[in-house]
Amino acid sequence: MIKKKICLLGTFGVGKTSLIRKYVQNIFSDEYITTIGVKIEKKNLILDGNKEILLVIWDLEGSDDFHRIIDTYLKGMSGYFVVADGTNPETIATAQSISAQMKQFFPDTPSVLLLNKYDLAHVWAVPEGTETGLTQPGQMVLNTSAKTGMGVEEAFEAIAIRMVETQND
Amino acid sequence: MTENEALKVRIEEAIVDLDPRERKTLEQLGKKLRGASVTPETLAQMLPEALDESGEQRQAIASAMTPLTEDAIGLSVQNDPEILSGALFPVIGSAIRKAMAKMLAEMMANMNSGLESVFSVQRLVWRFESIKTGKPFLEIMLAHTMEYSIDHAFLIHKNTGLLLKSVSRAGCATADDDMVSSMLTAIRQYIGDSLQLAETSGVQGINTGDYTILVEEGPKASLALIIRGTPEPSVRTLMQHTLEAIHVRFAGALKSFRGDTLPFEKDTELLEACLSCKIRETKHKKPVFAIVFLTIVALAAGFFGVTHALKTGQENRCIDAIDAETGIQLISTTRTFRTVKLSVLRDARARSLEQIIAEHGLQLDDFTISEEAFWSPHFSEPPAAPQRNIPEHLLEIARRLAAYNVYFEQDSGSLRDGQGQILMEAGELVSLLVEESKKEGFTATVEITGHSAGSIQDEAGIRISEERANMALDAFIEINAPLVEYVSARGVGVAEPVVAEEKTEEDRIKNRSVTFKAVFQ
C-alpha cells in the first residue's frame, strides 16, 4: 500500500472542505462551517487498475498566509491543491499568490489549482480558455464543483497520478 | 546467422587478438572448468559453511526446505511411527505434565478469583458500579485492578504523519489507525504551533479520559502508544529503546520512504514488544479462597455422609427391632430420600411403634407408617374388645368414686364413727355408675379393695383387709341388690397401702380402709 499525504490550501470559504467531503463521503451541504486548524480525511483509490494508493487528505483552515504552517502541516506532503472560488476574483488572486509562494518552498511537489463552484456558471469569473494562465509552471488547473461533483474525482486522480510519477522520477 | 552464432564468432575473434600468455591462461581456465565436478565429499564440506554464511538468504533457505522437511517427517511416520514418537517421547511427557500442572494451577486461580469476586465486598461494589454506569463488569474490574495497559502502538513517519505500522492488543481496536496517526500528528503540530513550542520540546503526551497517549520522537519516525491507565516511567524508556531499534532496523526504509509502507508491514516484533500491561496484584498467591471453599465442601460432604450413614444404621436397627417385636409383623420397608416407609400389622396389645422408634433415638417423623390391626397368636388372651371412647361423665363418676376412702377401726372390720354415711354415699355412686354405664352401652364393674395398716404382710393383715372389703360389698348389696353382679371385693393387706410410709397415726388410719376402682367394658 502506497500512502500519500496531500494538503488543500486556499483562503476562507472557497470550498476546500466541501470538495473533500464530496470526494470522500459523496455528500454536499450548503451550510458553511469554518475549519479550525486541520481536519483529516482519507480515501483509497486504484490507479492503472492495480496500484492501490491511500490518500491522506489534510484539510487546512482557510488562510492567506501559509508560512507558519510550512514546517508543520505542509511538511512531508506529496502533493497539494490550491483552491479558489471561481466566482470570486479575489480568491483567485489569493490562490495565485499562494501557488507562487508554494512553488518556491516546494518546487518539485505536484500541485493542482482548483477553480471551485463551477455550478454557479452564471457568475463565473474566469473567462473560458484563460484558466491555464492562472497557474504556475507544471501546475495543472481544473474546474470543479463540490455541489455537483464535477471534476472532483478527476482532480484527486490527477494529483495521485502526478505524485506517483514524481515518486518514480 | 543467429545471435548466439554471431556472439560466438566475436568471442573467437577476441581470443585470437589475445597475446599468447593470456591465451594460455584462458585455456588452463577452460580445462579446469571442464574437469571440475562437485563430489559429495566436497559438497559435505562446503554445505555447513554455506549455511553459516547464508545471512540474508537464511529465510529463503528455510522456506525452501520446509516442504522437504514436512515430506520427510510424513514419510518417517508412514514407515515407522515408533521412530518419531520415540524421539519425541522425552519431550512430550514433560510437556504434557507441565501443561496439566499449568492448567490445574490456572483452574485453581480462576476458581479462587471467581470465589473472591463473589464474596468480596469490593467486587460487590464494582458490580453495583457496573449496573449504575451500564459498563460491562469486566471493564469496571479491569479499570480498578489494572495499573495500565498498552493497547495500541503506532509507528508514524515523522515528516508526513503517515502511519507506517500499527499493532493493537487483542480485543482492542481503533476506528481507523491511519486517521488516528494523522490526527495525532496534526494535533501535536497544532498545539506546538499555537503555543509557539520549539520542535525539540513538542507535545510528548496527551491525557484524555481513561487514556494516556505517549509520543516519543526519533529523527525519522515517531512512536505513539495509547495506554489505558497511568503508565509507569519505564514505559518511556521502553519507547526510547524501541524507537532506537526501529531506526536501526529500518534505516534504509525510513530514509527512502515515499509512501510505501510494505517494508514496515513485515516486521512487527519491535512494536508488539511494546504491548504490555501491569495488573496491581501481580504476585502469585495461593488460591486461598479455592482451598477454603473446597475444604468446606469436603468437610460438609464428609459430615453429611457420615451422619447419613449413622442414621441409616440407626433406622435399620429400629426396623429390625420392630420386626422382632411380639405382636408386630413387618410387611414391607421402602426407603425414600426423606423418609422410611413401613407397612406393618400390629396387635393392639403390642407395644406402640412410637415407643420402639423413640427407644432407638429416632423421631416418628423419620418414618411413614402404614399400620393395620391384627390378632397375634403370641398373646394368651384373646384381644380385648375395641376400646370405645368412654363418655366424660362416666369417667367423672369413676374419679369421684376413686376418691372415696372408708376408714375402719384398728384390727377390726368395723367402721369408724361417721364412716357409715361415707360408705352409703360410695354405694350410691356405684349404683349411679352402673346405671349410667348401661345407658351408654358400657358395663361398669367396681372393685372394692380392703387395706390394712403396718409394714409387715401377714395372714392377720390379709384377713382383716378381706373382712373390710366384704363388709363394704355387703353394705352395697343391701342398698341395691343387683349390684352383686357388678361389684367384687378383695383384700390385699399391706401390699397396696393408701399411704406408702406410715409416719403418723393418721397415716395408719388411712391404711385401715377400703378403696374403690371402676372398670369399664
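Report follows, based on the coordinates.

What counts, and where the lines are drawn
All chains use their own residue numbering, which begins from 1 and follows the written sequence. For naming, the first written chain is A and the first written ligand is 1, with later ones following in the order written. Note on the predicted model: pLDDT of at least 70 is required for a residue's local features to be given, and 80 or more for side-chain atom pairs to be given and counted; whole-chain, interface and lining totals, by contrast, use all residues. Values shown for side chains rest on all heavy atoms present in the structure; no hydrogens or waters enter the calculation. For Phe, Tyr and Trp, rings pair up if their centres lie within 6.5 Å, where Trp contributes its six-membered ring, and each pair is then called stacked (planes under 30 degrees apart), edge-to-face (over 60) or tilted (otherwise). Accessibility here uses a 1.4 Å probe with only protein chains present; expressed as a share of the type maximum, an area under 20% marks a residue as buried, one over 50% as exposed, and anything in between as partly exposed. A run of DSSP states H or I qualifies as a helix once it reaches four residues; a run of E qualifies as a strand once it reaches two. Both are numbered from the N-terminal end. In short, DSSP must find at least two bridges between two strands for them to pair. As a rule, the C-alpha atoms of each element are fitted with a line to give its axis, helices using only the stretch in contact, and angles between N-to-C directions run from 0 to 180 degrees. Any two residues whose heavy atoms approach within 4.5 Å are treated as being in contact. Once two parts are brought into contact, the accessible area they lose, counted with a 1.4 Å probe and summed over both, makes up the buried area. Criterion for a salt bridge: a side-chain nitrogen of Lys or Arg within 4 Å of a carboxyl oxygen of Asp or Glu. What qualifies as a polar contact is a pair of N or O atoms within 3.5 Å, subject to a donor-acceptor requirement within protein and to the restriction that residues adjacent in sequence count only when both atoms come from side chains.

## A few points about the packing of aromatic side chains
Across all of its chains, the model carries nine aromatic pairs over all chains by this definition. For the ring pair Y118 of chain A and W124 of chain A, a centre distance of 4.8 Å and an interplane angle of 90° mean the geometry is edge-to-face. For Y118 of chain A, a relative accessible area of 31% translates into the label partly exposed. Between F476 of chain B and F516 of chain B the ring centres are 5.5 Å apart and the planes differ by 35°, which places this aromatic pair in the tilted class. Pair noted here: F476 of chain B is in helix α17 (residues 459-479) and F516 of chain B is in strand β13 (residues 513-520), with a separation of 40 residues, a long-range link.

## Brief notes about the sheet that holds strand β10 (residues 405-407) of chain B
Residue and element names in this part refer to chain B. Judged by pairing direction, the sheet is mixed, and its four strands sit side by side in the order β10-β13-β11-β12 without closing on themselves. Looking at which strands have only one partner, the edges of the open sheet turn out to be β10 and β12 (487-491). Averaged over all adjacent pairs, the angle separating strand axes in this sheet is 25°, with direction ignored. Bridge analysis of strand β11 (residues 444-450) against β13 gives seven bridges, and the strand direction is antiparallel. Of the residues in β13, the one forming a bridge with G450 is V514. Each of β11 and β13 touches helix α15 (residues 392-402); the most contacted strand, β13, lies at about 165° to it. The strands that helix α16 (residues 419-439) touches are β10, β11, β12 and β13; relative to β10, the one it contacts most, it runs at about 150°.

## Focus on the interface of chain A and chain B
In this assembly, 22 residues from chain A lie in contact with 19 residues from chain B. Interface area for chain A against chain B, summed over the two sides, is near 2000 Å², with a carbon-plus-sulfur share of 53%. The largest share of the area that chain A buries against chain B comes from K3, I40 and K75 of chain A, three residues that together contribute 31% of it. Joining chain A to chain B, the criterion identifies three salt bridges. In this structure, D178 of chain B engages K42 of chain A in a salt bridge whose closest nitrogen and oxygen atoms are separated by 3.7 Å. Applying the counting criterion to the chain A and chain B interface returns seven residue pairs in polar contact (both at pLDDT 80 or more). Counting residues per element, the ones that place at least two in the side of chain A that touches chain B are β1 (2-9), β2 (38-47), β3 (51-60) and α3 (152-168) of chain A.

## Remarks on the pattern of salt bridges
Taken as a whole and assessed by the stated rule, the structure comprises 24 salt bridges over all chains. Between K117 of chain A and D85 of chain A there is a salt bridge, and its shortest N-O distance comes to 3.3 Å. In this pair, K117 of chain A sits in the loop between β5 (111-116) and β6 (140-143) while D85 of chain A sits in strand β4 (residues 79-85), placing the two residues 32 residues apart along the sequence. Its relative accessible area of 23% is what places K117 of chain A among the partly exposed residues. Judged by relative accessible area, which is 8%, D85 of chain A ranks as buried. The salt bridge partner of K439 of chain B is E436 of chain B, with a shortest N-O separation of 3.1 Å. Taken as a pair, K439 of chain B and E436 of chain B lie in helix α16 at a separation of three residues, close to a single helical turn. One continuous salt-bridge network, built from bridges that share partners, spans K3 and K42 of chain A together with D176 and D178 of chain B.

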